Amino acid sequence: LVARQLIEKGRVTRPFLGVAHQQINPALASFYNLPVKYGAFVLQVTADSPAGKAGVQAGDIMVRLGEDPIDDAHPFLNVLMKHAPKERVKLTVNRNGQQLELEVVLTERN
């Protein structure tokens, strides 16, 4: 993918969602009494970012991006890198114990 982007565009483009996050594992989930064992806890949402425009909030737990779960085998950044800037993707979050599906349009990381 990187080589193809370098050949086609002369540079590498990376998708941007606009969140600061902490990867969750069963030990953290148990310690903090979280409603899920895996995911990425949203610490902060960048103003006017794809996440902000889609309604993602600090405290949400991202559990799926597109078709991929966010877990130990699929860390958030690895899952995000499977997507491209300008791509429209479903983001599943757990908010206060409820699953929500949000639609985000990724932008390019500067």
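Bear in mind that the values here come from a model prediction, so they are computed numbers and not experimental data. (Residues numbered from 1 in each chain as written. Predicted model: local features only at pLDDT ≥ 70, side-chain atom pairs only at ≥ 80, totals over all residues. Heavy atoms only, no water.)

Draft legend 1. Looking closely at the overall build of the protein chain. In terms of helices and strands, the protein chain carries four helices and eight strands. Along the protein chain, helices (α) and strands (β) appear in the sequence α-β-β-α-β-α-β-β-α-β-β-β when read from the amino end. Here the protein chain, with 110 residues, has 35% of them falling under the buried criterion. Counting only contacts in the protein chain whose residues sit at least 6 apart along the sequence, the fraction spanning at least 24 positions is 51%. With an accessible surface of roughly 6800 Å², the protein chain has 50% of that area assigned to carbon and sulfur atoms. (Helix = DSSP H or I, 4+ residues; strand = E, 2+ residues; numbered from the N terminus. Buried < 20%, exposed > 50% of the residue type's maximum accessible area, 1.4 Å probe, protein only. Contact = heavy atoms within 4.5 Å. Areas by Shrake-Rupley, 256 points an atom, 1.4 Å probe, with all protein chains shown as cover.)

Draft legend 2. Region of interest: the environment of Glu101. Tracing the backbone shows Glu101 in strand β7 (residues 98-105). Setting aside its immediate chain neighbours within four residues, Glu101 contacts Lys90, Leu91 and Thr92.

Draft legend 3. Region of the structure containing the environment of Val93. With respect to the element layout, Val93 can be found in strand β6 (residues 88-95). For Val93, a relative accessible area of 0% puts it in the buried group. For the pair formed by Val93 and Val42, sequence separation is 51 residues and the distance between their alpha carbons is 9.6 Å. In this structure, Val93 is in contact with Asp60, Ile61, Met62, Val63, Gln98, Gln99, Leu100 and Leu102, ignoring residues within four places of it in sequence.

Draft legend 4. Representation of unusual backbone geometry. In this structure, Asn33 takes a positive phi of about 55° despite not being glycine. Mapping Asn33 onto the fold places it in the loop between α2 (26-31) and β3 (39-45). Exposure remark for Asn33: the relative accessible area of 69% places this residue in the exposed category.

Draft legend 5. The arrangement of the environment of His21 in detail. Note that His21 resides in strand β2 (residues 19-24). Each C-alpha atom, one on His21 and one on Ile61, is 8.9 Å from the other, the two residues being 40 residues apart in sequence. Not counting residues within four places of it along the chain, the set of residues in contact with His21 comprises Ala40, Phe41, Leu43, Met62, Phe76 and Leu77.

Draft legend 6. Quick look at the nonpolar core. Within the largest apolar cluster, 19 residues are counted, with the highest numbers of intra-cluster contacts made by Leu17, Val19, Met62, Leu65, Phe76 and Leu91. Here Leu17 is in contact with Ser49, Pro50, Ala51, Met62, Phe76, Leu80, Leu91, Val104 and Leu106, once residues within four sequence places are set aside. (Core = buried A, V, L, I, M, F, W, Y, C linked by side-chain atoms within 4.5 Å.)

Draft legend 7. How the structure looks around the pattern of salt bridges. By the definition in use, this model includes five salt bridges. A salt bridge links Asp60 to Arg95; the shortest N-O distance between them is 2.7 Å. With Asp60 in the loop between α3 (50-54) and β4 (61-65) and Arg95 in strand β6, the pair connects residues that are 35 residues apart, well separated along the chain. Comparing Asp60 with Arg95 shows no difference in burial state: the two are buried. For the salt bridge of Glu101 with Lys90, the shortest nitrogen-to-oxygen distance reads 3.7 Å. Of this pair, Glu101 sits in strand β7 while Lys90 sits in strand β6, placing them eleven residues apart in sequence. Lys90 gets classed as partly exposed once you look at its relative accessible area, which sits at 49%. (Salt bridge = Lys/Arg side-chain N within 4 Å of Asp/Glu carboxyl O.)

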